[in-house]
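Each chain is listed here by its residues.
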Amino acid sequence: MHEDDAAVVNRIRELRKELDYHNYRYHALDAPEISDAQYDELFRELVTIEHDYPHLITPDSPTQRIGAAPLKEFPEMVHRIPMLSIDNAMDEGGVLSFHARVSRWLGREDVEYCCEPKFDGLAVEIVYEGGILIRGGTRGDGIVGEDVTQNLKTIRSLPLRLLGNGFSGILEVRGEVVMDKSAFTDLNRERSEKGEPLFANPRNAAAGSLRQLDPSITASRPLTFFAYGVSDPAVLEVTTQGFVLDALQKIGFKVNPDRSLCRGMKEVMDFVANMQGQRSELPYEIDGIVIKVNDSHDQEILGVKARSPRWAVAFKFPPTQTTTVLMKIEVQVGRTGVVTPVAILEPVHLAGVVVKRATLHNEAEVHRKDVREGDTVIVQRAGDVIPEIVGPVKTKRPATTEVFRMPSRCPVCTAVLVQDGVFHRCVNLTCPARVREQIYHFASKEALAIDGLGRRIIDQLVEGGLVHDVSDLYKLTVDDLMKLEGFAEISSKKLIAAIDASRKPTLERFLVSIGIQHVGRVASRQIARSFGSLERIMHASKEELSTLTGIGDEIAHSITEFFAQDENQRVIERLFERGLVISSPEQQNSLGKSLQGKTFCFTGTLSFMSRPEAQRRVESLGGTVVTNVNKKLTHLVAGSDPGSKRDRAVTLGVEILDEEGFLKMIEES
Ligand SMILES: [Zn+2]
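About the cut-offs
- Residues numbered from 1 in each chain as written.
- Predicted model: local features only at pLDDT ≥ 70, side-chain atom pairs only at ≥ 80, totals over all residues.
- Heavy atoms only, no water.
- Helix = DSSP H or I, 4+ residues; strand = E, 2+ residues; numbered from the N terminus.
- Rg over C-alpha atoms; globule rule 2.2 N^0.38 Å.
- Buried < 20%, exposed > 50% of the residue type's maximum accessible area, 1.4 Å probe, protein only.
- Contact = heavy atoms within 4.5 Å.
- Areas by Shrake-Rupley, 256 points an atom, 1.4 Å probe, with all protein chains shown as cover.
- Lys, Arg positive; Asp, Glu negative; His and termini not counted.
- Charge placed at Lys NZ, Arg CZ, Asp CG, Glu CD.
- Pairing = 2+ DSSP bridges.
- Domains from an automatic or database assignment.
- pLDDT = per-residue confidence, 0-100.
- Salt bridge = Lys/Arg side-chain N within 4 Å of Asp/Glu carboxyl O.
- Phe/Tyr/Trp six-rings, centres within 6.5 Å; stacked < 30°, edge-to-face > 60°.
- Lys NZ or Arg CZ within 6 Å of the ring centre and 35° of its normal.
- Axes fitted to C-alpha atoms, helices over the stretch in contact; angles between N-to-C directions.
- Patch = residues over 30% accessible without salt bridge, like charges linked within 9 Å, V, L, I, M, F, W, Y side chains within 5 Å.
- Expected span 1.5 Å × (residues − 1).
- Arc of directions from axis to C-beta.

Undergrad: What should I look at first to understand the overall build of the protein chain in this one?
TA: What the protein chain contains, in helices and strands, is 25 helices and 24 strands. What you see for the protein chain is a C-alpha radius of gyration of 28 Å, in line with the 26 Å of a compact globule of 669 residues. If one aligns the C-alpha atoms of the protein chain with their principal axes, the spans along those axes are about 80 × 75 × 55 Å. Counting every position in the protein chain, which comprises 669 residues, the buried fraction comes to 48%. The contacts in the protein chain between residues at least 6 apart in sequence include a share of 67% that link residues at least 24 apart. Summed over its atoms, the accessible surface of the protein chain is roughly 32,400 Å², and 51% of this surface lies on carbon and sulfur atoms. Here the protein chain contributes 82 positively and 95 negatively charged side chains, and the mean placements of these two sets differ by 3 Å.

Given below as structure tokens:
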């Protein structure tokens, strides 16, 4: 080998090792040590070297996650050791009799259990040989599954090469491929906008994404792999299930942080109740708790029966699906004029709330699901807290039902509806329904966060003829408000003060508030940062806009179309005439960015300021506000009556501030 080549080989080895390590910090531990830009730089260096020395590319190189050619069909994958299924316990009684059986076999009451949330995803097995990923497949029937190696390799939380040295022989790792609830919601929103069929729940989305013959489609889907076991614990030289998880994490896998070792049934059931309480707040979907005898030696004594081990049981949570009657399909006009069919349901209890209505997205979606007025329908809450209709129970369909048709005219202003892709829109800019929705949005917490300006008051303002568009909010007076029902002097002054306080939004907030279709906070931030002024954004071409990361043709089109409309321009002009000022980046900088890099999550009730106000303060100081508690969170602000988020923060060691501590922090910042 040439001398230069030895240096190249070394550099490649170094780069791969570093990239693997930082990939692990980021995707498995949620604790990155370098910035994305630094990671990209290392990655590009490796790509460049491998491009010049293609014979040095190996399948475990971080550059080889994507790019494999599509398949015609999936080959079979036989599991060397069958993937067993776990018996279900539907209630506490089921868990207690499981424990009774275990105690009888082991001849003692005192048993330690390792309890882990049961992911609602797709079970897979990944095979490593000498520390390198060689094969991976779905569970299938437990004996034979499908070989989806190319697709699994695109999942960033799955190591292509195990961390550490000295791996020999075969290691078969088992776990679950899941899609985060938020990623699922985003994916469905995207699909809905494109008129593609929606996934029913995160599990279907994960399964559908993993079983793509073209790996580039899988690569585009945000999937995560959680490891929860190995085919043969002896290979890892550990003696308990808890240690298996620790060992898996150490060699590069993401494992569930929410696991607990429990001694006795009381601790087990407490953990079950605790996780059930947190279920809706977790970033991923779970459908129960897996309870495993922790000690491997005990597991061996208990052994397996037919197709399931005697040392484990899955406690299943109550279902998040139910049925009810679809009484009526109403149509609603949104702020961009999109007319949405909404199912009005016979009220039904589902996973802790009463569900009365559910969106049906668009006419095509109603037809795809084939739901009709009078149908008994399956309703579920999945992915997020918004309930949705899965489909009709056709055997219960009444004799006479009609296929849903979108009305030809706007139900509010009677303008003729225009079809726009899968959507129908009321294009009348002064349609009262649109105006009202625009004002709701303008005052909402994602936009200008005007405290106390809720739907009921906006309805009064619009119906009373005081407000015709958002700019009219800034000419309201205390006297105007006092004429409205339910307003006294103090409440009127308070609302006017809140409206006044919203007069100096950042460019990003302003962009969100004017309600351009498809333009939410992420897109607004991106556009505001790149263009710097409203003037420049208003004159940007579609081509200029669509070059920004995350801004596709659709968003770019929507922005230029928005500013091309005279009515929108007039409203913006009037906003400025009435004293709204976009605070410039210089002004924002002079405030300091002392909370830069810090993330805040709020729980409980604050007494000195509202949550949107607190959120605005944090953001104006360069901090970020999130809704979930995870390891990356730097501060949890707990007001009075904090919820389970506080417990979670304590568990994760996140710094907790009371309201006073928070106020002190932002005052000093
Ligand atoms: Zn209308």
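Right, picking up where we left off after that structure.
Undergrad: Looking at this model, I keep getting lost on the pairing of strand β4 (residues 122-129). Mind explaining?
TA: Within a regular beta strand, the side chains point alternately toward one face of the sheet and then the other, so they alternate between its two faces. Counting buried residues along β4, seven of its eight residues qualify, which places the element largely inside the surrounding structure. Pairing between β4 and strand β7 (residues 170-179): eight bridges, direction antiparallel. Bridge assignment links Y128 to a residue of β7, and that residue is L171. Note: β4 against strand β5 (residues 132-138), six bridges, orientation antiparallel. If you follow V124 over to β5, its bridge partner there is T138.

Undergrad: Explain the domain arrangement of the protein chain to me, please; I cannot follow it from the model alone.
TA: Think of interface size as the accessible area that goes away when the parts come together; that is how it is often given. Looking at the protein chain, the domain boundaries give domain 1 (3-64), domain 2 (88-316), domain 3 (321-412), domain 4 (432-585) and domain 5 (591-668). A separation of 38 Å is found between the C-alpha centroids of domain 3 and domain 5.

Undergrad: I keep staring at the confidence of the model for the protein chain and nothing clicks. Help me out?
TA: For any part of a model where pLDDT is low, the fine detail of the predicted coordinates should not be relied upon. For the protein chain, mean pLDDT is 87; residues scoring 70 or higher make up 97% of the total. Note on residues 586-591: pLDDT is under 50 here. Beyond four places in sequence and across chains, it has six contacts.

Undergrad: I keep staring at the pattern of salt bridges and nothing clicks. Help me out?
TA: A side chain with one charge may pair with a side chain of the opposite charge, provided their charged atoms come close. Taken as a whole, this structure holds 37 salt bridges when the rule is applied. In this structure, R372 and D370 form a salt bridge, with 3.1 Å as the shortest nitrogen-oxygen distance. The burial state of R372 is the same as that of D370; both residues are buried. Through salt bridges with shared partners, a single network forms among D370, R372, D375, K394 and R397.

Undergrad: It is not clear to me how the packing of aromatic side chains should be interpreted in this structure. Could you clarify?
TA: Two measures describe an aromatic ring pair: the distance that separates the ring centres and the angle between the ring planes. Under the criterion given, the structure shown has 13 aromatic pairs. With a centroid separation of 5.8 Å and 25° between ring planes, the pair formed by F510 and F576 is classed as stacked. Here F576 lies in helix α21 (residues 566-577) and F510 lies in helix α16 (residues 507-513), a separation of 66 residues in the sequence. The class for F510 is buried, based on a relative accessible area of 0%. By the ring-pair criterion, three or more aromatic residues cluster together here, those being F119, F226 and Y284. The lysine or arginine in question, K632, covers the ring of Y26, its NZ or CZ lying 5.9 Å from the ring centre.

Undergrad: Explain the sheet that holds β4 here, please?
TA: Within a sheet, each strand pairs with its neighbour through backbone hydrogen bonds, oriented either parallel or antiparallel. As summarised here, the arrangement of the four strands in space is β5-β4-β7-β8, forming an open sheet in which the pairing is antiparallel. Strand pairing shows two members of the sheet lacking a second neighbour, β5 and β8 (223-230), which therefore form its edges. Recorded for the sheet is a direction-independent mean angle of 35° between the axes of neighbouring strands. Across the sheet, helix α6 (residues 202-210) is in contact with β4, β7 and β8; its angle to β7 comes to roughly 125°.

Undergrad: Is there a simple way to explain the environment of L171 in this structure?
TA: Relative to the helices and strands, L171 is located in strand β7. Distance in space between the C-alpha atoms of L171 and S231 is 7.8 Å, their sequence separation being 60 residues. In this structure, L171 is in contact with I126, V127, Y128, L162, V230, V235, L236 and I251, ignoring residues within four places of it in sequence.

Undergrad: Would you mind going over a negative patch on the surface with me for this structure?
TA: Negative charge collects at one region of the surface, where E190, E543, E544, D553 and E554 lie side by side. Among the elements of the structure, α19 (542-546) and α20 (553-564) are those that each provide at least two residues to the negative patch. You can see E190 is positioned in helix α5 (residues 181-194).

Undergrad: What should I look at first to understand helix α2 (residues 36-52) in this one?
TA: Under the 1.5 Å per step criterion, the end-to-end length of α2 is 24 Å for 17 residues, consistent within 8% with the ideal 24 Å. Every buried residue of α2 is accounted for by Y39, L42, L46, I49 and E50. For α2, the arc enclosing every buried residue in end-on projection is 100°, short of the 170-degree limit, so these residues lie on one face. Facing away from the buried side of α2 by over 90 degrees, the exposed positions are D36, A37, E41, R44, H51 and D52.

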